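A look at the structure
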Amino acid sequence: MKSNQSNIKKAKKYLNKNYCIGVPTETVYGLAANAYIDLAVKKIFDLKKRPKNNPLIVHYNDIDSLKKDCLINDNFIKLYKKFSPGPITYVLKLKKFSKISKYVTNNQKSLAVRFPKHPLLKNLLKQLDYPLAAPSANRSSRVSAVKKNDVKDEFGNKIKYILDGGVCNIGIESTIINLIGKPTILRLGGLDVSKIQKILKLKLNLAINPKRKVAPGQSLLHYSPGIPLKMNIIKPKNDEAFIIIKKRKNKSKNYFHLSFKNDLNEAAKNLYSCLRKIKNKGYKSIAVEKIPNKGLGKAINDRLQRASMY
Ligand code: AMP
Ligand code: MG
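So, here's what we can say about the structure. (Residues numbered from 1 in each chain as written. Chains lettered and ligands numbered in written order. Predicted model: local features only at pLDDT ≥ 70, side-chain atom pairs only at ≥ 80, totals over all residues. Heavy atoms only, no water.)

1. Considerations on the packing of helix H4 (residues 74-83) against helix H8 (residues 193-200)
The condition is simple: In this description, a line fitted to the C-alpha atoms serves as the axis of each element, helices being fitted only across the stretch in contact, and the angle between N-to-C directions of two axes falls anywhere from 0 to 180 degrees. Secondary structure elements are taken from DSSP: a helix is a run of H or I of four residues or more, a strand is a run of E of two residues or more, and numbering for both begins at the N terminus. Small angles under 35 degrees read as roughly parallel and large ones over 145 as roughly antiparallel, with 65 to 115 read as roughly perpendicular and the rest as oblique. By convention, the crossing between two helices is left-handed when the near helix turns anticlockwise from the far helix through less than a right angle, and right-handed when the turn is clockwise. Note on definitions: a residue-residue contact is assigned when non-hydrogen atoms from the two residues lie within 4.5 Å.
Direction vectors running N to C along H4 and H8 enclose 125 degrees, while the axes themselves pass 10 Å from each other. Considering their axes alone, H4 and H8 lie oblique with respect to each other. H4 and H8 meet at a crossing whose hand is right-handed. Only Lys195, Ile196, Ile199 and Leu200 of H8 make contact with H4, whose side of the interface consists of Asn75, Lys78, Leu79, Lys82 and Phe83.

Quick look at the structure:
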């Protein structure tokens, strides 16, 4: 507890000086900076080599701090009460006199916001008088980071500090819902869309149009381990890594379990570590067993699909 407090103090010190730092969330690690300061936000784009037209998610501690920057609506309140803090990101209208840096939104009038659940980050946000812009802590188009060392592998000593919050619980990015006008899903993620539909009593469509990138998590190549990946494979080649989800009696050393019991939440949690491990072991290609397309399996398949565009 004590060391957590001193680590939070360190994190705060760097953020107040407009540095970017790594922060833990329950979904994946974030690369965070003061969302109100242009200079700080620009550093995020530089470090990630992220295209300037790919807007960032801003993280708040609570609804009161959000109200300074965004207009809220009834659908937002319903979902906020049920799912926040948690793995859901809302796109809302930006207020005219909000202090959010124009680099966060790429000059758009909408803002993507999330209320993270990780206790260390919550505690940090409570102590700041600004929200944190924080995209995933990986270089653009690559696999997200789910523990401190992954963030280190991505950025080395280019970042000043990483707040260590252990391994991310959910392991896959947040679900993004656009709440301006008719609600639509912009990205599948850590919260199953059927749960959101139940609360809104609406059928939600996924806004997938690769030509018009609404959320660049939708761009075709993304989440890539940097080697070719094929999905729905029954039998892999001898020299390739095989990612599996079902229990196997005879397991070869090139087999990597996402889950031992076909549990899709566990599989989501292990996905990115598994991709990193395979890459680090020097495999030149990856085959993946068919993943059931239900619950978080849908978000897993979405990530694998994009990773397979390599
Ligand atoms: P990442 O930062 O890597 O988790 O990705 C954040 C995702 O949120 C990207 O796909 C962004 O395009 C999306 N996003 C951020 N702000 C907005 C916005 N104002 N409207 C639509 N999507 C957004
Ligand atoms: Mg990302």
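Read on, since the account is not over.
2. A word on the nonpolar core
Formally: The criterion is simple. A nonpolar core is a set of buried Ala, Val, Leu, Ile, Met, Phe, Trp, Tyr and Cys residues joined through side-chain atoms within 4.5 Å. The buried label applies to any residue whose accessible area, calculated with a 1.4 Å probe on protein chains only, is under 20% of its type's maximum; exposed applies above 50%, and partly exposed to all values in between.
Grouped together as the largest cluster of nonpolar side chains are 95 residues, with contacts concentrated most on Tyr90, Leu124, Ile177 and Ile196. Broken down by element, this core gets its largest block of residues, eight residues, from helix H9 (residues 264-280).

3. A closer look at H8
Cut-off, in case you're wondering: Arc definition: it is the arc formed by the directions from the helix axis to the C-beta atoms.
Those residues of H8 lying buried are Val193, Ile196 and Leu200. The arc that holds every buried residue of H8, seen down its axis, measures 55 degrees, which confines them to one face. Residues of H8 that are buried in the fold lie against H4, strand S5 (88-94), strand S8 (175-178) and strand S9 (184-187). The positive-phi residue at the C-terminal boundary of H8 is Lys201, with phi of around 55 degrees.

4. Considering the side chain of Ser101
How we decide: Each polar contact in these results corresponds to two N or O atoms within 3.5 Å; when the atoms are within protein, one needs to be able to donate a hydrogen and the other to accept it, and residues that are neighboring in sequence are counted only if both atoms are side-chain atoms.
Within the secondary structure, Ser101 is located in the loop between S5 and helix H5 (102-105). At 3.1 Å, the side chain of Ser101 and the backbone nitrogen of Tyr103 are in polar contact. The residues touching Ser101, leaving out its near neighbours within four places in the chain, are Ala35, Tyr36, Ile37, Asp38 and Val41.

5. With respect to the sheet that holds strand S12 (residues 255-257)
Where we set the bar: Note: two strands are recorded as paired if DSSP finds a minimum of 2 bridges between them.
Taking strand neighbours across the sheet as the criterion, the four strands line up as S10-S13-S11-S12 in an open arrangement whose pairing is parallel. Of all the strands in the sheet, just strand S10 (229-230) and S12 have a single pairing partner and so form its edges. The sheet contact formed by strand S11 (residues 241-244) and strand S13 (residues 286-288) spans three bridges and is parallel. Within S13, the position partnered with Ala241 by the bridge is Ile286. Lying on the sheet, H9 is in contact with S10, S11, S12 and S13; it crosses S11 at an angle near 165 degrees.

6. Quick notes on the environment of Ile180
On the secondary structure map, Ile180 appears in the loop between S8 and S9. Exposure remark for Ile180: the relative accessible area of 33% places this residue in the partly exposed category. In this structure the C-alpha to C-alpha distance between Ile180 and Asn75, which are 105 residues apart in sequence, comes to 9.6 Å. For Ile180, the contacting residues outside a window of four places in its chain are Val91, Leu92, Lys93 and Ser110.

7. Side note on the environment of Ala299
Relative to the helices and strands, Ala299 resides in helix H10 (residues 297-307). Note: C-alpha distance between Ala299 and Ile172 (127 residues apart in sequence) is 8.0 Å. With residues up to four places along the chain from it excluded, the contact list for Ala299 reads Ile172, Leu188 and Gly189.

8. Concerning the packing of H9 against H10
Heads up, the condition is: The classification used treats Ala, Val, Leu, Ile, Met, Phe, Trp, Tyr, Cys and Pro as nonpolar, Asp, Glu, Lys and Arg as charged, and all other residues, Gly among them, as polar.
In contact at an axis separation of 9 Å, H9 and H10 are set at 30 degrees when each is read in the N-to-C sense. Regarding the angle of H9 to H10, the classification is roughly parallel. H9 and H10 meet at a crossing whose hand is left-handed. Contacts from Leu264, Ala267, Ala268, Leu271 and Tyr272 of H9 reach H10 at Gly297, Ile300, Arg303 and Leu304. For the contact of H9 with H10, the per-class residue count stands at seven nonpolar, one polar and one charged.

9. Remarks on H4
All of the buried residues in H4 are Asn75, Phe76, Leu79, Tyr80 and Phe83. What you see down the axis of H4 is that its buried residues fit within an arc of 125 degrees, all on one side. Pointing more than 90 degrees away from the buried face of H4 are the exposed residues Asp74, Lys81 and Lys82. Buried residues along H4 sit in contact with helix H3 (63-67), S5, S8 and H8.

Keep in mind that these numbers describe shape and distance, not what the molecule does.
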